[in-house]
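Structural description and commentary
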Amino acid sequence: MSAFFYIVTEGVHDVAFVGRLLSVAHGASRIRKLEDLDDSLRGWVSSAFKWPRFTGKHHDIERLAVPAPAFYRLATSHVVALRNAQGLNEIGKTLEIDIEAFSRTQRGPDVIGVVLDSDDEPADQRFGRLKATIKGLKLLSPSSLGEVSAGTPRVGVFALPEPGTAGTLEDVLLTLGDAAYPELAAAARGYAGHWRQQADGEPAIADWKELRKPAGTKKATIGAMTAILKPGKSTQVSLEDNRWVSEQTKALTCLQPCLAFLNALLTAPIPAAEGSAESSGDTP
Amino acid sequence: MTTILQNLSLEAYRGISELSLEGLTSVNLVVGANNSGKSSILEAAGLLLRPPDPMQWISAVRHRDFDMSLVDGLWSLFPRGEALHPDDGPSVSEQIAIRASTTNGARFVEARCFASQSVGTEAAAVSARVEVMVDGLPAVTMKFPSPGAPAHQVHVYRVFAVTPATHYSTKALVEHLSRVVDEGKKQLAVELLQVFDAGVEDLDVIASLGRESIRVTHRTRGVVDLASFGDGMRRSAALALALTRAYQGVLLVDEIEAGIHHSVLRPVLAKLLETAATSQVQILATTHSLEAVDAIIGAMEDRATPDALSAFWLQRQDNKHEVRRYDFAKLCTLRDGGLDIR
């Protein structure tokens with residue numbers, strides 16, 4: 001039986017980024033048809049992504065539907081689900097919901113991964129809160145960021161750009177962009193930098209609020225690049241289709257912590273299934 | 001909060017063994033796939049609350065199948081109830097065992113069925129004797145198909161059940177409404193009908209020339225038969241009447257959404273829950289509808305009585321039952337995240 005890895009991230013960009021790492025470093029291919037998933041995963045997708053309840057008081061139109069995970073099949077034939085929690089603060093709740101959904105199926109994930117970042121709060125603080133959530137779900141939390149616990153299922157937590165370093169996915173992407181598209185990256189940096197300086201003097205403060213945030217210029221730089229690489233499409237599409245993560249960039253230092261984490265996650269010994277005498281030993 | 005039933009355990013009932021609902025509250029939703037045991041829970045609850053009442057046993061049968069032979073239906077309530085073969089001689093069933101914690105303490109109901117061919121009748125017929133024992137007290141015997149008056153040697157609770165078919169029985173609705181009219185409590189039924197049709201003004205039982213029916217006084221249509229309205233109105237009338245009669249007791253509702261369009265589920269269920277709270281009625285309901293789950297969560301939230309709601313998810317596998325209980329907060333978290341809890 002194929003092992004099942006479940007990784008929850010903050011948003012669509014993280015999902016696209018981790019998906020590319022899986023493709024480039026682990027020979028993964030995207031699974032796009034429900035029929036290509038096994039029964040238990042089909043059951044999960046069918047039950048876990050219905051419409052959220054309508055409270056009668058407020059109901060976000062943007063959240064009328066819950067985005068389904070992106071599924072990948074690794075070269076080893078094991079399956080990875082990348083789940084978009086739709087916000088950093090939603091990761092704990094998403095884990096709670098999915099763990100409950102898994103517990104109602106015949107089979108949950110063999111390994112759980114969580115990818116955080118440390119945009120406006122130190123990753124260790126976020127990890128501290130997440131550990132309490134993980135414990136509340138009766139899972140064994142790793143003792144530190146980047147590690148994978150020995151519980152059943154195994155649990156690993158990572159913080160972008162790397163544990164111990166403040167920053168976000170954009171820090172990694174900027175380095176990748178410099179390597180893959182140096183001229184475009186330089187132009188985008190200049191363009192975003194210019195407008196960041198201008199923003200301080202702009203009277204319509206609300207328009208420039210996002211750019212003035214700590215990671216605003218980095219995000220604008222990435223956005224400017226993806227607007228050129230994939231005009232009219234989202235950053236997610238560029239991350240999936242362009243050479244941000246590629247055979248050429250995968251050796252870059254900035255990717256190594258994340259690749260090492262994924263490697264630890266995907267090669268962790270699979271816990272023995274309940275009732276079986278021993279582990280299959282079938283690791284990716 | 002009204003919680004007559006606090007825990008309910010079906011130790012042996014129909015094909016179920018060891019199915020427990022722990023932490024029942026005043027409003028309880030039971031969800032799960034077909035054949036997971038939802039309806040059996042309602043039947044068992046009714047029998048536990050009125051064990052020596054023959055009508056409760058008959059109701060358990062009739063709510064499943066209106067036309068089935070009563071004795072065969074009774075036999076099927078008992079564990080491992082292979083079809084009855086009276087030609088082969090008298091049969092003794094396995095034992096039903098239902099346990100609960102109630103407001104009046106623990107209760108344990110055991111019952112066994114003895115079925116045989118009736119003798120002395122012209123046409124061959126089958127009869128059954130059900131022996132019920134409550135908390136180890138001497139057994140009470142009920143004979144079917146013609147039981148006598150109930151022998152109430154133990155406390156019985158007010159229990160009424162509504163199934164997806166109740167509203168198709170004019171006889172049942174007339175009986176309910178007659179009692180409710182006698183008690184001067186038909187207002188809930190009228191108000192619920194007004195959710196569907198603001199022109200409804202009154203509701204009454206008419207008996208003339210051997211015909212009994214429920215008549216609705218309507219602002220524009222005049223006095224018309226309830227049967228001339230749609231399923232939603234008939235079902236809501238059934239729910240309202242049963243709830244009104246269950247005062248300070250328990251209402252068992254199989255498929256609470258049956259017959260009611262999702263667009264009016266919220267106001268209809270909100271009204272029912274409000275009345276259940278004021279009438280001190282505990283509700284145990286099953287549903288296959290996510291809209292009904294959401295409507296009940298919303299109604300409880302509006303009433304600021306979230307602790308009164310519990311949901312139980314059942315799964316049957318290899319003849320064993322898994323039950324997961326969700327309190328209000330957990331239910332909200334799961335539904336806010338889009339999980340289909342059914």
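Since the structure is predicted, the reported quantities are computational estimates derived from the model, not experimental observations.

1. Considerations on the packing of helix H2 (residues 54-62) of chain B against helix H3 (residues 70-77) of chain B
All names here are of chain B. The contact between H2 and H3 brings their axes to 9 Å, and the two run at 90°. Here H3 runs roughly perpendicular to H2, going by the angle between their axes. Residue-level contacts link Trp57, Ile58, Ala60, Val61 and Arg62 of H2 to Leu70, Gly73, Leu74 and Leu77 of H3. Across the contact of H2 with H3, the residue classes tally to seven nonpolar, one polar and one charged.

2. Let's talk about the confidence of the model for chain A
The predicted model of chain A has a mean per-residue pLDDT of 88, with 91% of residues at 70 or higher. For the stretch residues 275-284 of chain A, pLDDT sits under 50, and the model shows 16 contacts to residues farther than four places along the chain or on other chains.

3. Here we look at the pattern of salt bridges
A pair can form between side chains of opposite charge whenever their charged atoms are brought close. Residue and element names in this part refer to chain A. Using the criterion set out here, one finds 30 salt bridges over all chains in the structure. For the salt bridge of Lys230 with Asp241, the shortest nitrogen-to-oxygen distance reads 3.3 Å. Here Lys230 is found in the loop between helix H8 (216-229) and helix H9 (235-241), whereas its partner Asp241 is found in helix H9, with 11 residues between them in sequence. Taking relative accessible area as the criterion, Asp241 reaches 47% and is therefore assigned partly exposed.

4. Points about the sheet that holds strand E6 (residues 154-160) of chain A
Residues and elements named next belong to chain A. A sheet is described by the order of its strands in space; here six strands give the open sequence E2-E3-E4-E1-E5-E6, paired in mixed fashion. If you trace the sheet from one side to the other, it starts and ends with strand E2 (29-31) and E6, each paired once. Across the sheet, the mean angle separating the axes of adjacent strands is 25° when strand polarity is ignored. Both strand E5 (residues 111-117) and E6 contribute to a ladder of seven bridges, which runs parallel. Along E6, the bridge assignment pairs Ile112 with Val155. Seen against the sheet, helix H3 (residues 91-103) touches strand E1 (4-9), strand E4 (79-84) and E5 and runs at an angle of roughly 155° to E1. Its contacts with the sheet place helix H10 (residues 256-266) against E1, E4, E5 and E6, and it is angled at close to 170° to E6.

5. Topic: the state of the cysteines
Inspection of every chain in the model, using the stated rule, returns zero disulfides over all chains. This cysteine, A:Cys258, is not joined by any disulfide, and A:Cys254 carries the nearest cysteine sulfur, 9.7 Å off.

6. Focus on the sheet that holds strand E16 (residues 320-327) of chain B
Residues and elements named next belong to chain B. The strand order across the open sheet built from six strands is E9-E13-E14-E3-E15-E16, with neighbouring strands paired in mixed fashion. The strands lining the two open edges of the sheet, one partner per strand, are strand E9 (159-162) and E16. The average angle at which neighbouring strand axes cross in this sheet is 15°, direction not considered. Two elements, strand E3 (residues 27-32) and strand E15 (residues 309-317), share six bridges in a ladder whose sense is parallel. Of the residues in E15, the one forming a bridge with Gly32 is Leu314. With respect to the sheet, helix H8 (residues 290-302) is in contact with E3 and E15, its orientation differing from that of E3 by roughly 160°.

7. Quick notes on helix H5 (residues 169-180) of chain A
Residues and elements named next belong to chain A. Taking 1.5 Å of rise per residue, 12 residues should cover 16 Å, and H5 covers 16 Å from first to last C-alpha, within 8% of that figure. Among the residues of H5, those classed as buried are Leu169, Glu170, Val172, Leu173, Leu174, Leu176, Gly177 and Ala180. Among the structural elements, helix H1 (12-26), E6, helix H6 (182-201), H8 and H9 are those in contact with the buried residues of H5.

Parameters at a glance
Residues numbered from 1 in each chain as written. Chains lettered and ligands numbered in written order. Predicted model: local features only at pLDDT ≥ 70, side-chain atom pairs only at ≥ 80, totals over all residues. Heavy atoms only, no water. Axes fitted to C-alpha atoms, helices over the stretch in contact; angles between N-to-C directions. Helix = DSSP H or I, 4+ residues; strand = E, 2+ residues; numbered from the N terminus. Parallel < 35°, antiparallel > 145°, perpendicular 65-115°, else oblique. Contact = heavy atoms within 4.5 Å. Nonpolar A, V, L, I, M, F, W, Y, C, P; charged D, E, K, R; others polar. pLDDT = per-residue confidence, 0-100. Salt bridge = Lys/Arg side-chain N within 4 Å of Asp/Glu carboxyl O. Buried < 20%, exposed > 50% of the residue type's maximum accessible area, 1.4 Å probe, protein only. Pairing = 2+ DSSP bridges. Disulfide = S-S within 2.5 Å. Expected span 1.5 Å × (residues − 1).

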